[in-house]
Amino acid sequence: MSLSVVLAEATNRAALSLTTFPTATGWLHVSAIAFGTTAAAGLFAAISGFIDPVQDFDPPSFEKSKLCWVKPLSAFLFPSLVEEVLWRGAMLPIPCTTARAGTVLAAHVLLHPVAGLTVWPRGRSTFGDPRFLLLATIVLGGTTASYLVSGGSARSE
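Residues numbered from 1 in each chain as written. Predicted model: local features only at pLDDT ≥ 70, side-chain atom pairs only at ≥ 80, totals over all residues. Heavy atoms only, no water.

Colleague: How do you make sense of the packing of aromatic side chains when you look at a structure like this?
Modeller: In this description, an aromatic ring pair is defined by two values, namely the gap between the centres and the angle between the planes. Within the structure shown, the criterion is met by two aromatic pairs. Between the aromatic rings of F50 and F132, the centroid separation amounts to 6.3 Å while the plane-to-plane angle is 40°, which identifies the pairing as tilted. In this pair, F50 sits in the loop between α2 (24-48) and α3 (70-90) while F132 sits in helix α6 (residues 130-149), placing the two residues 82 residues apart along the sequence. On the accessibility criterion, F50 (24% relative accessible area) is partly exposed. Members of the aromatic cluster, connected to one another through ring pairs, are F50, F127 and F132. (Phe/Tyr/Trp six-rings, centres within 6.5 Å; stacked < 30°, edge-to-face > 60°. Helix = DSSP H or I, 4+ residues; strand = E, 2+ residues; numbered from the N terminus. Buried < 20%, exposed > 50% of the residue type's maximum accessible area, 1.4 Å probe, protein only.)

Printed below as a string of structure tokens:
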């Protein structure tokens, strides 16, 4: 298979992931996965000392900035939506084998330390922390599962 065919197929899957909406049952499954992975990741992050839920809590304040909505919006777009379209939408066909989903998940998690050592040096200490990598596995595993049960929707994560 030529590179142009592979890229065309990945581009088509990525576009499809943005236009696919889960069924009502799919949304229930995605909600359950989101709740479970959020609880598991939050519990592990607190117990492991990766975060301190009380000291690290710093909600946006309108007194700090009139543009306090920009940061959450930018976090939704990148890395969230952009990564989902790339890592799940482009790389995981529907239906997808467990082996392929696991391989893409592992590659996504392991790319974080590489990014910290190369293009994102500010993230080096965090991206190389084993606790972060376990948290990334939990969260990205949840997004992978959500993508698969939603029928291939990157919008449901």
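There's more to say after this.
Colleague: Even after reading the chapter, I still don't get helix α4 (residues 98-117), so can you show me in this structure?
Modeller: An α-helical turn contains 3.6 residues, so a residue and the one three or four places further along point in the same direction. Along its 20 residues, α4 runs 30 Å from first to last C-alpha, staying within 8% of the 28 Å computed at 1.5 Å per residue. L111 marks where α4 bends most, by close to 25°; the proline P113 follows one to four residues later. Among all positions in α4, only A101, V104, L105, H108, V109, H112, A115 and G116 are buried. (Expected span 1.5 Å × (residues − 1). Bend = angle between axes of the 7 residues up to and from the residue.)

Colleague: Even after reading the chapter, I still don't get the nonpolar core, so can you show me in this structure?
Modeller: One recurring pattern in soluble globular proteins is that nonpolar side chains are buried together. L105, V109, A115, F127, F132, L133, A136 and L140 together form the largest nonpolar core, which totals eight residues. For this core, the secondary structure elements donating two or more residues are α4 and α6. Looking at which element gives the most residues to this core, the answer is α6, with four residues. The contact partners of V109, leaving out residues within four places of it in the chain, are L133, A136, T137 and L140. Grouped together as the second largest cluster of nonpolar side chains are six residues, L92, C96, A101 and V104 included. (Core = buried A, V, L, I, M, F, W, Y, C linked by side-chain atoms within 4.5 Å. Contact = heavy atoms within 4.5 Å.)

Colleague: Is there a simple way to explain the packing of helix α1 (residues 3-19) against α3 in this structure?
Modeller: Between two packed helices, the angle of one axis relative to the other and the distance separating the axes together describe the packing. Relative to each other, α1 and α3 sit at 125°, their axes nearing to 8 Å. Compared by their axis directions, α1 and α3 come out oblique. Note on packing geometry: the crossing formed by α1 with α3 is right-handed. Within the contact between the two elements, α1 uses A10, R13, A14, S17 and L18 and α3 uses L81, V85, G89 and A90. (Axes fitted to C-alpha atoms, helices over the stretch in contact; angles between N-to-C directions. Parallel < 35°, antiparallel > 145°, perpendicular 65-115°, else oblique. Left-handed = near helix turned anticlockwise from the far one by under 90°.)

Colleague: How should I be thinking about the side chain of E83 in this particular structure?
Modeller: Positionally, E83 belongs in helix α3. A polar contact of 2.8 Å, which involves the side chain of E83, links it to the side chain of H108. Here E83 is in contact with R88 and H108, once residues within four sequence places are set aside. (Polar contact = N/O pair within 3.5 Å; in protein donor to acceptor, adjacent residues only side chain to side chain.)

So far we have only geometry, and geometry alone does not tell us how the molecule works.
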